[in-house]
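# Fold and geometry: a report
Here's the letter readout for the chains.
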Amino acid sequence: MNLIVGRPLFFIVLIPLFLGLFYSIIRFKKIRQYFADTEKVRDKNYTRIVRCFFIRTMCCFFAVFFLVCSLADISWGTNYIPVQRTGSAVSMVFDISYSMEAQDSSGGLSRLKAATSYAMELLDNMNRNQVSVVIAKGNGTVAIPMTEDFESVKTFLEILSPKLMTSQGTSLGSGIRAALSSFPSQVSLNSSIWLFTDCEETDSSLQAALTEAVKYGVNVFVIGFGSENETEIFAGDGKTKVKTALRTTKISEVITSIKNNRALSRKENHNFAVEYIDASEIGSATRLLKSLKQDSSEMSLSYEIQEVKRYRFFIGLAILCMILSYLLGEGNFSGGRKKLFSTIASSALILCSFTGCSGKMVSGSKIFVGKMNWDHSNYQQAIASFLDVSIDESQDNELARIYAIYGLGTTYLMQGETESAQKKFSEIYDIAPDNIKFAILYNSGIIAHRNGRFEQAADFFKRALYIDGSSADAKINLELSIREGKIHVQNAEANMIPVSETKDNDSLESAIFTIIREEEQQKWKSLQTNEENTSKDY
């Protein structure tokens, strides 16, 4: 069990808390000594006062202590968070250590040259994917951020060399971590890491980095190059000779250890991929390409492993301590059945106020958390919260499910995934209440406007106004859509070449008039083309 404290500075609050507890106990001893001198008070109230003080004080102390623990962001254990992904992204990690200079690959090529040629063949067969390039030696560096420009990637691969980095050693784990940082944090992509290496490392950091990648739901494929027979090469100083080989056995043991990790594999439907592929095997490139989602509109459900935040647990303990401070510190159990019944009844009333409607409260709290993450642009976390409610078949709150699916649609819209957003909106439109229908139509109008379908956008805004005619934003967007639709038509007409109305080419006066008229039309066309776009207001 890994105990993680996210904000340890909050524990500074415990210092005055302990001092206050110590002062209260010293102060109470002086008061107790005063009461001890009065025999009458000792007979009736002494025992009860001592009991109430210590119980109430300790309960209040622990209530504040647990609140501090909740603010400190303590977490332990792991949980699987569902994430819906669209599209694919690949980070290619190239081991450029001097061991990759060994010329024991097929055709007498060096391992690094064989890796770059292999990667170029993969790029030629990848469609609608984003790619980043990471080079790893003594540490890892993102050489090319995530891009769809494969030509720039190929150009960079042609100059790969150990001399690109001055750091010594081989740290494959640093390359994996650099690849993780290259993926967009707020975009739901099916992410994969392809590590091109001979599996030799000097710091043994690969296993920890692979485990970290699995926790983020990233698939990792280690592609091996070279021969398992040892080969002598020169080290970085150009003088020292060292022996190197493809360490297939070592990398296989690392991957087997990760797959046998109970914390990673206890979820039956969590199909993470950490595989080793020998580049010399027939069909190895096909296996890699099949692991990608070639259709950018195709959705898949995967799970990310995250530490479990325990702030709710500590808040619950704090509330329980406050209830106990009242129940045990203030309750009177020696005053007969009536007082006993009164204490129990009031305590039960307090407990009931913290229970009831638990299923709806859980769904509502998850949607609230998703909305808070959405407001702070934490779209990955927002998707996890909304998705958790939308796929929960145990809860019977249909309205919560509708709100969760709508939240997914708006989150996809903010990420630019308009097709996925439209699918979610269509899924709940017929059963949604009027306020959700209005929002769906409004957002659909925005999507159509972004795609240049101004007439369709105007239609969506009109239908939204039928539901809520008081929305000023919908009225403004309707006018903007109508206006830009007209401008679009005018620009199309202006781009058409006008046909001369006269065929008298011998007339100098007609020729001059035609030139002047065409110049005026070109000026009008220029004015229409340069008119400022007013769609930014929505």
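As a reminder, the structure under discussion sits directly above these lines.
Keep in mind the model is a prediction, meaning the values are calculated, not measured.

## Structural notes on helix H7 (residues 206-215)
Buried residues of H7: Leu-206, Ala-209, Leu-210, Thr-211, Ala-213 and Val-214, and no others. Within two residues after H7, Gly-217 carries a phi angle of roughly 75°, on the positive side.

## Here's the deal with the nonpolar core
Membership of the largest hydrophobic core comes to 34 residues, with the highest contact counts inside it found for Met-92, Phe-94, Met-126, Trp-194, Phe-196 and Ile-223. Looking at this core, the elements with two or more residues in it are strand E3 (88-95), helix H4 (111-124), strand E4 (129-136), helix H5 (150-157), strand E6 (190-197), strand E7 (219-224) and helix H10 (284-290). Looking at this core, the element that brings in the most residues is H4, giving 7 residues. Not counting residues up to four positions away in its chain, the partners in contact with Trp-194 are Val-90, Ser-91, Met-92, Val-93, Leu-122, Met-126, Phe-221, Ile-223, Leu-288, Ser-291 and Leu-292. Grouped together as the second largest cluster of nonpolar side chains are 29 residues, Val-93, Cys-199, Leu-210 and Tyr-276 included.

## Regarding the packing of helix H17 (residues 434-450) against helix H18 (residues 454-467)
Close contact between H17 and H18 brings their axes to 8 Å; oriented N to C, the two are set at 165°. Comparing the axis directions of H17 and H18 gives the class roughly antiparallel. Where H17 crosses over H18, the two elements pack in a sense that is left-handed. Contacts between H17 and H18 involve Asp-434, Lys-437, Phe-438, Leu-441, Tyr-442, Ser-444, Gly-445, Ile-446, Ala-448 and His-449 from the first element and Phe-454, Gln-456, Ala-457, Phe-460, Phe-461, Arg-463, Ala-464 and Ile-467 from the second. Split by residue class, the contact of H17 with H18 holds 11 nonpolar, 4 polar and 3 charged.

## Focus on the pattern of salt bridges
The final tally for this structure, using the stated rule, is 9 salt bridges. The residue Glu-427 makes a salt bridge to Arg-401 at a minimum N-O spacing of 3.5 Å. A residue pair is termed long-range when its members are at least 10 positions apart, and Glu-427 in helix H16 (residues 418-428) and Arg-401 in helix H15 (residues 398-414) qualify at 26 residues. With relative accessibility at 41%, the residue Glu-427 sits in the partly exposed group. Take Arg-401: its relative accessible area is 25%, and that puts it in the partly exposed class. Each of Asp-104, Arg-111 and Asp-198 takes part in a single network of salt bridges with overlapping partners.

## With respect to unusual backbone geometry
Although it is not a glycine, Asp-73 adopts a positive phi angle of roughly 60°. The phi torsion at Ser-204 lies on the positive side, around 55°, for a residue other than glycine. Topologically, Ser-204 is positioned in the loop between E6 and H7.

## Thoughts on the packing of aromatic side chains
One pass over the structure, following the stated rule, counts 14 aromatic pairs. Arranged with centres 5.2 Å apart and planes meeting at 65°, the rings of Phe-18 and Phe-61 form a pair that is edge-to-face. Of this pair, Phe-18 sits in helix H1 (residues 14-36) while Phe-61 is found in helix H3 (residues 46-71), placing the two residues 43 residues apart along the sequence. Of the residues examined, Phe-61 reaches a relative accessible area of 7% and is grouped as buried. A ring pair is formed by Tyr-406 and Phe-425, whose centres lie 5.9 Å apart and whose planes are at 35°; its orientation type is tilted. Taken together, the positions of Tyr-406 in helix H15 and Phe-425 in helix H16 put the pair 19 residues apart, joining distant regions of the chain.

## Brief notes about helix H6 (residues 172-182)
With 8 of its 11 residues buried, H6 lies for the most part within the structure. Every buried residue of H6 is listed here: Leu-172, Gly-173, Gly-175, Ile-176, Ala-178, Ala-179, Leu-180 and Ser-182. Here the buried face of H6 lies against E3, E4, strand E5 (140-147), E6, H7 and E7.

Calculation notes
Every chain's residues receive numbers from 1 upward, in the order its sequence appears when written. In keeping with the predicted nature of the model, local features appear solely for residues at pLDDT of at least 70, side-chain atom pairs appear and are counted solely at 80 or more, and the whole-chain, interface and lining totals rest on all residues. In computing side-chain values, all of the structure's heavy atoms are included and hydrogens and water are not. Exposed residues in this analysis have more than 50% of their type's maximum accessible area, buried residues have under 20%, and partly exposed residues fall in between, with area computed by a 1.4 Å probe over protein chains only. Comment: elements are numbered from the N terminus, with helices defined as DSSP H or I runs of at least four residues and strands as E runs of at least two. Among buried residues, the Ala, Val, Leu, Ile, Met, Phe, Trp, Tyr and Cys ones that are joined through side-chain atoms within 4.5 Å form a nonpolar core. Every residue pair with non-hydrogen atoms within 4.5 Å of one another is taken to be in contact. Lines fitted to C-alpha atoms define the axes here, with helix axes fitted over just the stretch in contact, and angles between the N-to-C directions of these axes take values from 0 to 180 degrees. Angular relationships are summarised with four words: roughly parallel below 35 degrees, roughly antiparallel beyond 145, roughly perpendicular across 65 to 115, and oblique for the angles in between. In a left-handed crossing the near helix is turned counterclockwise from the far helix by less than a right angle, and in a right-handed crossing that turn is clockwise. Throughout, the ten residues Ala, Val, Leu, Ile, Met, Phe, Trp, Tyr, Cys and Pro are labelled nonpolar, Asp, Glu, Lys and Arg are labelled charged, and all others, Gly among them, are labelled polar. What counts as a salt bridge is simple: a side-chain nitrogen of Lys or Arg found within 4 Å of a carboxyl oxygen of Asp or Glu. Centres within 6.5 Å are what make two rings of Phe, Tyr or Trp a pair, Trp counting through its six-membered ring; a difference in plane orientation under 30 degrees is then read as stacked, over 60 as edge-to-face, and the rest as tilted.

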